[in-house]
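# Architecture and fold: a report
Listed below are the residues making up each chain.
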Amino acid sequence: MNPLCCIAPVSLDSAVEHHPHQPPRILAAAAAAPPAPSSPPPPPASAAKATLDAVAGVLHKWVNYGKGWRLRWFVLEGGVLSYYKLRVGGGGESAAAAAVSPAAARVIGEGGALRRAREEAAAAGKQWKPFGEIHLKVSSIRASKSDDKRLYIFSGTKTLHLRCETEEDRNAWIEALLAAKDRFPRALTSNDFSPMADVLLSTEKLRARLLQEGLNETVVKECESIMMTELLEVHNQVKSQQQQYSILIDRLRQLETEKVELERTVVHETKERESHGYANGRYSDFYSVLSGGSASESDPDTASQVADVETDEDEVMYFDTRDFLSAESLRSASCRRRELLINGYNGLEHIDPAANVVRPNQYPSVKRRDKLPEPKEKENPVGLWSIIKENIGKDLSGVCLPVYFNEPLSSLQKCFEDLEYSYLVDHALQWGKQGDSLMRTLHVAAFAVSGYASTEGRQCKPFNPLLGETYEADYPDKGLRFFSEKVSHHPMVVACHCEGRGWKFWGDSNLKGKFWGRSIQLDPIGVLTLEFDDGEMFQWSKVTTSIYNIIIGKIYCDHYGTMRIKGSGDYSCKLKFKEQSIIDRNPHQVHGFVQDNRTGQKVAMLIGKWDEALYYVLGDPSAKPKGYDPMSEAVLLWERDKSLNQTRYNLSPFAISLNELTPHLTKKLPPTDSRLRPDQRHLENGEYEMANAEKLRLEQLQRQARRLQEKGWQPRWFRKDDDDSYRYVGGYWEAREKGNWAGIPDIFGQRSASPGLS
C-alpha cells in the first residue's frame, strides 16, 4: 500500500481525527484542539485486501540429491511467493512462523508437519528473512501427474519442486497460487493513486481558540498565516512525491514487461535446445527469439529438466557450462571442419585428418622441457593488502612487490605466448594461396582470439622488463623466429617482430592502467599487424583487460570490448568480447562476423569462447530463419590445448618452454635476454629469498632508466616509423649467428650503477 494515499485533504471546519497516518505537522495542529471521542478507524481497504490474499503454510521443498526434501515455511502475498528456512532454535518459541506471516493470513495444512515447523522455528525474538522469492506473474504452476501431493513452480530460470502433506493441501495451494497469479497483473495496472485534489483549509476554530486565550488580533492573524504556510508547504511536498511515485510506477511496469519477455525467451529457447539435443547450449543468448512461451507441459517427474533445480543450501550447485555441446555435435563440427579442410586443400600434400590439422610444411621435431624445476624452498606468500597497508602515504611506484606476485616469465616472453597457435596463420597463408580469402580471414580472426587463451587461470603477473631487455625465440618446430625488446620505460612500451614461413607479424604494446579499488583496468594502446608474402595485410588492436579481486578473494581476469580486424583484401572482421558479470555462469563469450569490404554484407559469423574454442558458420546471420540454432551448422575453427602444468602458475606446456635455458643456448644469447635475468631464474628454481633480493637490486637500478631515456637513449633493434609505431630494423639474427654482441650492455650485472646504460 502506498503511504501517500493515506493523506487526505484537510478541513479545519470538521472535527479533527487522530488518524495514525496523518503527517506530523497536521497531527501537531490537531493536538491543539480538544480531542473528540471516536471509534478506531477501520484499516485501509488496500491493506484489508492484501491481508485477505495472504496464504501461509509448510511445504516440503526439494533441495538436491545430497539434502533431499526439506521443510520450508512459505508465504504467498501480493503475487510473490516467499519461503524461509526452518532452523532448530533449541527451546525457541512457536511465534517465528507468525512473525513472517501477515496477521490474517490463511494457513494451509495441519497436523505433524505444521507443528514440527513451529517447534523448529528460529530462536525467540528473531525474525526470519526470506531465502527466496518467486514472482508468480512470470511463473507457471503445475500439478504432478505421478504424485498427487506434489506441484511445480517454473519461472523460466529455476524450478521449485514442492510436496504437500495431503492432496487437499496441494489443491488448496494450487488454487491460491493461480488466484494470486491472476490478480497480480491487475494490481500493477490499476490506478489507485489519482491526482490529489486541492487542499481546503479553514482557520475558524483556531481563531476562536486563540481569541479565547486572550490573544490580540495581530497575533491571531500571524498564527493563522504560519499554519497556512506550513500546511501548504507539506501539501506541495506530498504532491511532488506523488508525481515522482507515478513516474516510478510507470518505469516499474515497463521493466516488468521487459522481464516477462526475457523470461519467456529463456523458456522458448530452452525448449528449442531441448528439442535439438542442445540442453546445455552455450551461445543461444546471441540469437534470442522474443516470442511468447510457457513452461514445458511435460511432467518434471519423467521429462528432462529444462532449468536448474534451485538449491537454497550453502553448497550451491550449478550446471557445468563447459559441457555445452553433446558429443554428437562436437563430432559433427569436427567432421565438417575436416571435410572442408580436405576439400579445400586437395592440391596439397601434407594433410593430417586424424589430428584435424593441415600442415603446409613438415616442421622438424624439437624436444623441449615439459615441467618447471622443483622448488628448492618453501613458499611464504604475502597478501597484497599487507603490503599496501604498510606503505600508506608512500609512492607505490617505488614499492618493491615480492616475487610471490610474479610468474617466471617476463612481458617480452608473454608477447611470444600470443603466437602459441601460429599454425592458424600457416593455415590462413595456404587458404589465401588457394584463392579463398574468406577462410584466410576466419583463420586470422581465430589467431587473434587464441592469444587470450593462456590468460585463463593465470593469477600472477609477469616481470616488468628492464629498459633495453630483449627476448628471442627460435622455434623451427613452429616455423618461426620471434624477437622483442623493451623500447621505452615511461611509458612502458614493448615492441616485437616475428617471421614465419610466408608471413610476418609485428607490433608494439603499451598499457594504460586504471585502478578501481578492487580491480585494475588495462587498456592496450598499439596496433598489431600481420602481413602475408602475397601482400595482404590485417591489422587489429587488443581489447580491454580487467583484473578483479586484487585485495581479497580469488584473483581472475576478463577481456571485453570490440576487436576490429581490418583486412586490406576482400574481407574484414568484427569481434565482440562479452564482459563477464558478477552472476554470469557462462563467461568468456566471443561472437562476431566477417564482412565484405566492397558490399558491406556479412558473409560469415563467429561464435565461441576466448579460453576454449571458436566456431564459424558461413552465410549472413541476419538472413537465417527465426529460431535458427547456429551450432547446428557450426564448424570448429580453433580449440585450446587444455593440458596445463599443475603448479600455482598454471602454465601451458608452450609457456613452460619459453624460459628454458640450455648450455647451447646460453652461448648464443646476448646479455640482455630475459632468460638471463637473475630474479626470474631464481623464482623459477624456487629460490624465493634470492629472487626477492635480486628483484630489489634490479628495480633500484631500473629507476635510473627514465633519466637515461630523457638523455636520448635509443633502442638497439627497433626504431619509430612515420606513424609513431616501432618497427624492427634488422640485424639481430645476423649478430647472433656471428656471436657479435659488441656494445650490448650487461643490464643484469652486479655493478652499483646501471650497467651498460650509462
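What you are looking at is a predicted structure, and each value in this text was computed from that prediction instead of being measured.

How each quantity is defined
- Residues numbered from 1 in each chain as written.
- Predicted model: local features only at pLDDT ≥ 70, side-chain atom pairs only at ≥ 80, totals over all residues.
- Heavy atoms only, no water.
- Helix = DSSP H or I, 4+ residues; strand = E, 2+ residues; numbered from the N terminus.
- Buried < 20%, exposed > 50% of the residue type's maximum accessible area, 1.4 Å probe, protein only.
- Contact = heavy atoms within 4.5 Å.
- Areas by Shrake-Rupley, 256 points an atom, 1.4 Å probe, with all protein chains shown as cover.
- Phe/Tyr/Trp six-rings, centres within 6.5 Å; stacked < 30°, edge-to-face > 60°.
- Lys NZ or Arg CZ within 6 Å of the ring centre and 35° of its normal.
- Salt bridge = Lys/Arg side-chain N within 4 Å of Asp/Glu carboxyl O.
- pLDDT = per-residue confidence, 0-100.

## Description of the overall build of the protein
When its secondary structure is counted, the protein shows 18 helices and 29 strands. The burial tally for the protein puts 46% of its 758 residues in the buried class. Restricting to contacts in the protein with at least 6 residues of sequence separation, those with at least 24 account for 62%. Accessible area for the protein stands at about 39000 Å²; split by element, carbon and sulfur atoms hold 53% of it.

## Details of the packing of aromatic side chains
Using the criterion set out here, one finds 23 aromatic pairs in the structure. With 6.5 Å between their ring centres and 90 degrees between their planes, Trp717 and Trp741 make a pair best called edge-to-face. Note that Trp717 is positioned in the loop between α17 (705–710) and β28 (718–720) and Trp741 in the segment after α18 (732–738), a separation of 24 residues in sequence. As far as burial versus exposure is concerned, Trp717 and Trp741 are alike and both buried. A connected cluster of aromatic rings, assembled from ring pairs, spans Phe483, Trp717, Phe718, Tyr728, Tyr732, Trp733 and Trp741. Stacked on the ring of Tyr475, the Lys or Arg Arg368 has its end atom at 3.6 Å from the ring centre. Its guanidinium or amino end placed over the ring of Trp506, Arg727 lies 4.0 Å from that ring's centre, counting from NZ or CZ.

## With respect to the pattern of salt bridges
Applying the stated criterion across every chain yields a total of 23 salt bridges. Across the pair Lys542 and Asp418 runs a salt bridge, and its minimum N-O distance is 2.6 Å. Placement of the pair is Lys542 in the loop between β20 (537–540) and β21 (544–548) and Asp418 in the loop between α10 (411–417) and α11 (423–433), with a sequence separation of 124 residues. A relative accessible area of 31% means that Lys542 is categorised as partly exposed. Residue classification places Asp418 among the buried positions, given a relative accessible area of 18%. Between Arg736 and Glu472 there is a salt bridge, and its shortest N-O distance comes to 2.8 Å. Of this pair, Arg736 sits in helix α18 while Glu472 is found in strand β14 (residues 470–475), placing the two residues 264 residues apart along the sequence.

## Details of the confidence of the model for the protein
Per-residue confidence for the protein gives a mean pLDDT of 74; residues scoring 70 or more make up 65%. Scored below 50 in pLDDT, residues 185–193 makes ten contacts in the model with residues more than four places away or belonging to other chains. Residue range residues 751–758 is modelled with pLDDT below 50. Its contacts to residues more than four positions away, or to other chains, number 21 contacts.

## Here's the deal with unusual backbone geometry
Cis geometry marks the peptide bond from His490 to Pro491; its omega dihedral reads 0 degrees. Looking at the element boundaries, Pro491 is found in the loop between β15 (480–488) and β16 (493–499). For Asn650, which is not glycine, the phi dihedral falls at a positive 55 degrees. For Asn650, the position within the fold is in the loop between β27 (635–639) and α13 (653–657).

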